[in-house]
Amino acid sequence: MANVETIRKELQHTGKYMMQYDLAWGNAGNISARSEGDRYVVTASGTFLGELEEADLIECDLSGNVYGAKGRKPSKETPMHRAIYESRPEIGAVLHASPFYTTLIACSDLEIPSNMFVETMYYLERIERVPYCHPGSDALGEGVRKKAKLANVLLLENHGVVVYDTTIREARMALQTLEVASRMLITSMSAKVGIQGLGPETELEFLEKAGYKPRRNWS
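These figures come from a predicted structure and were not determined experimentally. Within any chain, residue numbers begin from 1 and follow the written order of that chain's sequence. Per-residue local features are limited, in this predicted model, to residues with pLDDT of at least 70; the limit for side-chain atom pairs, both in listing and counting, is 80 or more; totals at the level of whole chains, interfaces and linings are taken over all residues. Side-chain metrics in this entry use all non-hydrogen atoms of the structure; hydrogen atoms and water are not considered.

Caption draft 1: A look at the overall build of the chain. Here a helix means four or more residues in a row that DSSP labels H or I, a strand means two or more in a row labelled E, and each is numbered from the N terminus. In terms of helices and strands, the chain carries 7 helices and 8 strands. Computed over the C-alpha atoms, the radius of gyration of the chain is 17 Å, within 12% of the 17 Å expected from 2.2 N^0.38 for a compact globule of 219 residues. Its C-alpha atoms put the chain at 55 × 35 × 30 Å along the principal axes. Only protein chains enter the area calculation, which uses a 1.4 Å probe; residues under 20% of their type maximum are buried, those over 50% are exposed, and those in between are partly exposed. Burial analysis of the chain (219 residues in total) assigns 49% to the buried set. Sequence-distant contacts, at least 24 apart, represent 66% of the contacts inside the chain between residues at least 6 apart. For accessible areas, the Shrake-Rupley method is used with a probe of radius 1.4 Å. Any residue's cover is judged against the shown protein chains and nothing else. In the form shown here, the chain has an accessible surface area of approximately 10,800 Å², with 51% of it arising from carbon and sulfur atoms. Counting rule applied: Lys, Arg positive; Asp, Glu negative; His and chain ends not counted. Every charge is mapped onto a representative atom, which is NZ of Lys, CZ of Arg, CG of Asp or CD of Glu. The chain carries 25 positive and 29 negative side-chain charges, and their two centres are separated by 2 Å. Computation of the radius of gyration draws on C-alpha atoms alone. For the globule rule, the value is 2.2 Å times the number of residues to the power 0.38. Should any heavy atoms of two residues lie within 4.5 Å, those residues are considered in contact.

Here is the structure:
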């Protein structure tokens with residue numbers, strides 16, 4: 001596991017990346033990465049992801065302890081991050097944001113197909129929905145906990161999305177893939193261009209035999 005300073009730098013880069021590619025806006029969103037043992041680094045409350053300073057990234061543990069915060073408070077969405085790390089020991093990073101097209105889908109009853117192209121087959125193999133709960137609430141944390149083992153992408157209804165994966169980079173790629181797929185779906189509907197998805201046999205063959213990446217074990 002990388003040291004805390006390396007993780008802070010990766011999170012700073014990820015915050016800028018998310019703003020650059022319209023995966024976050026304003027001061028909405030919060031991100032974290034596991035450090036060592038039961039500890040993780042999470043953005044402080046009220047931070048702007050595009051300009052994260054070292055003091056904006058706070059180390060916490062799964063028991064709720066905070067280390068070296070210097071008067072700052074961890075993001076109010078910490079219950080959601082903690083629920084994922086507790087439920088999925090292999091997860092190394094959690095990204096929560098409200099990108100435009102993904103959030104539009106989270107506010108609707110649309111489903112995002114995983115069979116559109118290579119990246120959607122892998123990163124969006126499973127997507128779950130979490131019913132609306134107020135941001136930062138324990139209820140939202142528990143809603144996320146209930147679905148954390150079922151997918152690596154959770155649409156938070158009328159709120160946004162939380163994406164998590166083994167590394168910060170993989171979580172970042174999943175988030176961008178999700179937003180591109182959401183934009184493609186909404187654009188195709190507006191333009192009345194039907195999407196010809198791949199068949200289930202082709203999708204399964206890709207996941208198990210194409211060698212793109214090892215398929216996740218969902219058992």
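Caption draft 2: Summary view of the environment of S32. With respect to the secondary-structure elements, S32 resides in strand β1 (residues 30-34). Overall, S32 belongs to the buried group, its relative accessible area being 0%. Setting aside chain neighbours within four positions, we find S32 in contact with L11, Y40, V41, V42, H81, Y85, A93 and V94. Definition of a polar contact: a pair of N or O atoms within 3.5 Å, with one able to donate and the other able to accept a hydrogen when the atoms are protein atoms, and with sequence-neighbouring residues admitted only if both atoms are side-chain atoms. A polar atom in the side chain of S32 sits 2.7 Å from the side chain of H81. In terms of polar contacts, S32 uses its side chain to reach the side chain of Y85, at 2.7 Å.

Caption draft 3: How the structure looks around the pairing of strand β2 (residues 39-43). Burial runs high along β2: 4 of the 5 residues are buried. A pair of strands is labelled paired if DSSP reports no fewer than 2 bridges between them. Pairing analysis gives 3 bridges linking β1 to β2, with the strands arranged antiparallel. Residue R34 lies in a different strand from β2, and its bridge partner there is Y40. Of the strand pairs in this sheet, β2 and strand β3 (residues 57-61) are connected by 5 bridges, and their pairing is antiparallel. Across the sheet, residue T43 finds its bridge partner in β3, namely L57.

Caption draft 4: Fine view of the sheet that holds β3. The strand order β4-β3-β2-β1-β5-β8-β7-β6 describes an open sheet built from 8 strands, whose pairing is mixed. Edge positions in the sheet fall to β4 (66-67) and β6 (127-130), since each has one partner strand and no second. Pairing between β1 and strand β5 (residues 93-97): 4 bridges, direction antiparallel. By the bridge assignment for β5, N30 is matched with H96. Here helix α1 (residues 4-20) sits on the sheet in contact with β1, β2, β3 and β5, set at roughly 150° to β1. Between N-to-C directions, angles cover 0 to 180 degrees, with each direction set by a line fitted to C-alpha atoms, over the stretch in contact for helices. Along the sheet face, helix α6 (residues 168-191) touches β1, β5, β6, β7 (153-156) and β8 (160-165) and points at about 145° away from the line of β8.

Caption draft 5: Structural context of the layout of surface pockets. Space inside and on the surface of the protein is sampled on a 1 Å grid over the protein atoms alone, with a cavity defined as a set of points where a 1.4 Å probe fits but cannot get out and a pocket as an open set with protein on both sides within 12 Å along at least 5 of 7 lines; lining residues have an atom within 4 Å of a point. Grid points are joined across faces, edges and corners, and a volume is the space filled by probe spheres set on the points. Taken as a whole, the largest pocket holds about 300 Å³ of empty space. For the lining of the largest pocket, the class distribution of residues is 4 nonpolar, 5 polar and 8 charged. In this classification, Asp, Glu, Lys and Arg are treated as charged, Ala, Val, Leu, Ile, Met, Phe, Trp, Tyr, Cys and Pro as nonpolar, and every other residue, Gly included, as polar.

Caption draft 6: Examining the pattern of salt bridges more closely. What makes a salt bridge here is a side-chain nitrogen of Lys or Arg within 4 Å of a carboxyl oxygen of Asp or Glu, nothing more. This structure, assessed with the given rule, holds 13 salt bridges. A salt bridge links K147 to E128, with the nearest nitrogen and oxygen atoms 3.8 Å apart. Taken as a pair, K147 in helix α5 (residues 138-147) and E128 in strand β6 lie far apart in primary sequence, 19 residues in all. E142 is paired through a salt bridge with R145; the nearest N and O atoms lie 3.2 Å apart. Highlighted residues: E142 and R145, both in helix α5, separated by 3 residues, approximately one helical turn. Classification of E142 as partly exposed rests on a relative accessible area of 39%. Through salt bridges with shared partners, a single network forms among E86, E142 and R145.

Purely spatial values, then, with no claim about function.
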